[in-house]
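Descriptive analysis of the structure
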Amino acid sequence: MTVIDSGRYLQGGRTALFEREFAAYTGHKFCVSTGCGLDSLSLIIKAYKELKLLNDGDEVIVPANTFIATILSITENRLTPVPVEPRISDFQIDDNLINEAVTARTKAVMIVHLYGYNALTERIVSICKQRNLLLLQDCAQAHGLAKAPLPDAGNIRGASAYSFYPGKNLGALADAGAIVTDDEELANVARALANYGSTAKYVFKYRGANSRMDEISAAVLSVKLKYLDEDNRRRQRIAEQYISGIRNESIVLPPLGGVHHIFPVLCKERDRLQTYLQERGIQTLIHYPVPPHKQECYREFARFRLPITERIHREELSLPLNQALTDEEVTYIINAVNAFI
Ligand SMILES: *Cc1c(COP(=O)(O)O)cnc(C)c1O
């Protein structure tokens, strides 16, 4: 109501306040709000192109198993994604495979903290340092992870992209996103790019986009940010209950750790397990049924051989995980999963 009465629905005080709060929460100097997570990723790349640190045709190392938006942000800026297989143990990009994927054209590593697990390792930090690569982070599933002890990225240039899509750990009531970074130049260019490329009213330094967070979303996010740590702790307790309670030889459990956006189990008979749970009133999702390199929009990547990625996409099933689940519901789900044969 305060926002509606103010008569100011974009670029007002609520957005500026949330940007300060989210920068402080993630431990970064700058926060630039955007229209969505895909825009956050894309604007980072666009801004580094304006700064001449990225150019058409440059290669970006990226995990092969990710949501399509990660890859879209690279290709829509005319850069080339170089997919790297994940570890099966925690689904994160396998840092042992990064060096062999690097070529003279590689300019950035884009990691994805998929399912809320931490993907950033000392090894990745040292590869970026040694080879002078930008470190870009897709944090769309990892709100709160930045508060965990992560390797120090020191003076590597880079930025992190967030989405506040309603289903994320921190979600608005509409599409919204943000970029956080310690790179002041990047923050300034990205801020201009998100607002038509404007540096002052009706002065256009860049060919920008229209990607802005609205004031109502910002007000909602400021309130919900206060509960994020509590919600993440509840998610962690549910994950702990699943891990200690589920005993079924046909199901591989994920590790504990991170902010548990999703609880991914692997099962060779995934589709049958999903139907079985559905019949018991338990709704599950698949993240994701088809990997990016097998999508019609990326026919040119169909030749890649990525067996671990393909196995994850074939066997993954996400058990219900959100802070509103009750202990009784969690127990009901555990018992149902244990009885699956
Ligand atoms: C949700 C998501 C995005 C995109 O965010 P939107 O706000 O929907 O544009 C990008 N990457 C990952 C890993 C996501 O889960």
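Residues numbered from 1 in each chain as written. Predicted model: local features only at pLDDT ≥ 70, side-chain atom pairs only at ≥ 80, totals over all residues. Heavy atoms only, no water.

A side chain of one charge can pair with a side chain of the opposite charge when the charged atoms of the two come close. A full pass over the atoms with the stated rule returns 18 salt bridges. Between D58 and K107 there is a salt bridge, and its shortest N-O distance comes to 3.5 Å. With D58 in the loop between α3 (37–50) and β2 (59–63) and K107 in strand β4 (residues 106–112), the pair connects residues that are 49 residues apart, well separated along the chain. What makes D58 buried here is its relative accessible area of 2%. Residue classification places K107 among the partly exposed residues on the basis of a relative accessible area of 28%. As a salt-bridge pair, E315 and K268 come within 3.7 Å of each other at their nearest N and O atoms. Of this pair, E315 sits in helix α11 (residues 307–315) while K268 sits in the loop between β11 (263–267) and α10 (270–279), and the two are 47 residues apart along the sequence. Note on E315: relative accessible area 6%, which makes it buried. Exposure remark for K268: the relative accessible area of 67% places this residue in the exposed category. Connected through salt bridges with shared partners, the residues K49, D56 and R78 form a single ionic network. (Salt bridge = Lys/Arg side-chain N within 4 Å of Asp/Glu carboxyl O. Helix = DSSP H or I, 4+ residues; strand = E, 2+ residues; numbered from the N terminus. Buried < 20%, exposed > 50% of the residue type's maximum accessible area, 1.4 Å probe, protein only.)

Another aspect to go through is empty space enclosed by the protein. Empty space among the atoms can be located by rolling a probe the size of a water molecule over them. For the coordinates displayed, the defined rule picks out one cavity of 30 Å³ or more. Lining the largest cavity are A64, I71, P81, P83, P292, H293, F301, F304 and L306. (1 Å grid on protein atoms, 1.4 Å probe; cavity = no way out; pocket = protein on both sides within 12 Å on 5 of 7 lines; lining within 4 Å. Points joined across faces, edges and corners; volume = space filled by probe spheres on them.)

Once that is clear, we can look at a nonpolar patch on the surface. A grouping of I4, Y9 and I216 is seen on the molecular surface, where their side chains present a nonpolar patch of about 290 Å² in accessible area. Mapped onto the secondary structure, I216 falls in helix α8 (residues 215–225). (Patch = residues over 30% accessible without salt bridge, like charges linked within 9 Å, V, L, I, M, F, W, Y side chains within 5 Å. Areas by Shrake-Rupley, 256 points an atom, 1.4 Å probe, with all protein chains shown as cover.)

Taken together, three strands build an open sheet; the order of strands is β10-β11-β12 and the sheet is antiparallel. Since the sheet does not close on itself, it has two edges, and those belong to β10 (251–252) and β12 (316–319), each with one partner. Across two bridges, the pairing between β10 and β11 is antiparallel. Its bridge partner being in β11, I251 is matched across the sheet by C267. The strands touched by α10 within the sheet are β10, β11 and β12, with β12 carrying the most contacts at an inclination of about 25°. (Pairing = 2+ DSSP bridges. Contact = heavy atoms within 4.5 Å. Axes fitted to C-alpha atoms, helices over the stretch in contact; angles between N-to-C directions.)

Another aspect to go through is the side chain of T26. Mapping T26 onto the fold places it in helix α2 (residues 13–26). Assessed through its relative accessible area of 7%, T26 is described here as buried. A polar side-chain atom of T26 sits 2.8 Å from the main-chain carbonyl oxygen of F22. Dropping the residues within four chain positions of it, T26 is found in contact with A146, Y162 and V180. (Polar contact = N/O pair within 3.5 Å; in protein donor to acceptor, adjacent residues only side chain to side chain.)

Another aspect to go through is the pairing of β4. Of all seven residues making up β4, six are buried, and the element is well covered by its neighbours. Bridging between β2 and β4 involves three bridges; their strand directions are parallel. When the bridges of β4 are listed, I61 appears paired with V109. Where β4 lies against strand β5 (residues 134–138), five bridges are found, and the strand directions are parallel. In the strand pairing of β5, V109 is matched with L135. On the question of chirality, the crossover connecting β4 to the parallel β5 by way of helix α6 (residues 122–131) is right-handed. (Right-handed = clockwise from strand over helix to strand, strands pointing away.)

Turning next to the sheet that holds strand β6 (residues 158–163). Note on sheets: strands pair through backbone hydrogen bonds, and any given pair is parallel or antiparallel. The mixed open sheet is built from seven strands, whose spatial order is β1-β7-β6-β5-β4-β2-β3. Edge positions in the sheet fall to β1 (30–34) and β3 (80–84), since each has one partner strand and no second. In this sheet, neighbouring strand axes are inclined to one another by 20° on average, regardless of whether the strands run parallel or antiparallel. Pairing analysis gives four bridges linking β5 to β6, with the strands arranged parallel. Each bridged residue has a counterpart across the sheet, and for L135 the counterpart in β6 is G158. Along the sheet, α3 contacts β1, β4, β5, β6 and β7 (177–181); its crossing angle with β6, the most-contacted strand, is approximately 160°.

Close to the ligand lie 13 residues; G37, D138, Q141, S163 and K168 are nearest. Within the side chain of Q141, one N or O atom sits 2.8 Å away from an oxygen atom of the ligand. Within the contact set of the ligand, an oxygen atom lies 2.6 Å away from a side-chain nitrogen or oxygen of S163. When atoms are counted within 2 Å of each cavity's grid points, the one that captures over half of the ligand is the largest pocket. At the level of secondary structure, the elements contributing two or more residues to the shell around the ligand comprise α3 and α4 (68–75). Of the residues in the shell around the ligand, the class split is seven nonpolar, four polar and two charged. (Near = heavy atom within 4 Å. Sits in = over half its atoms within 2 Å of the grid points. Nonpolar A, V, L, I, M, F, W, Y, C, P; charged D, E, K, R; others polar.)

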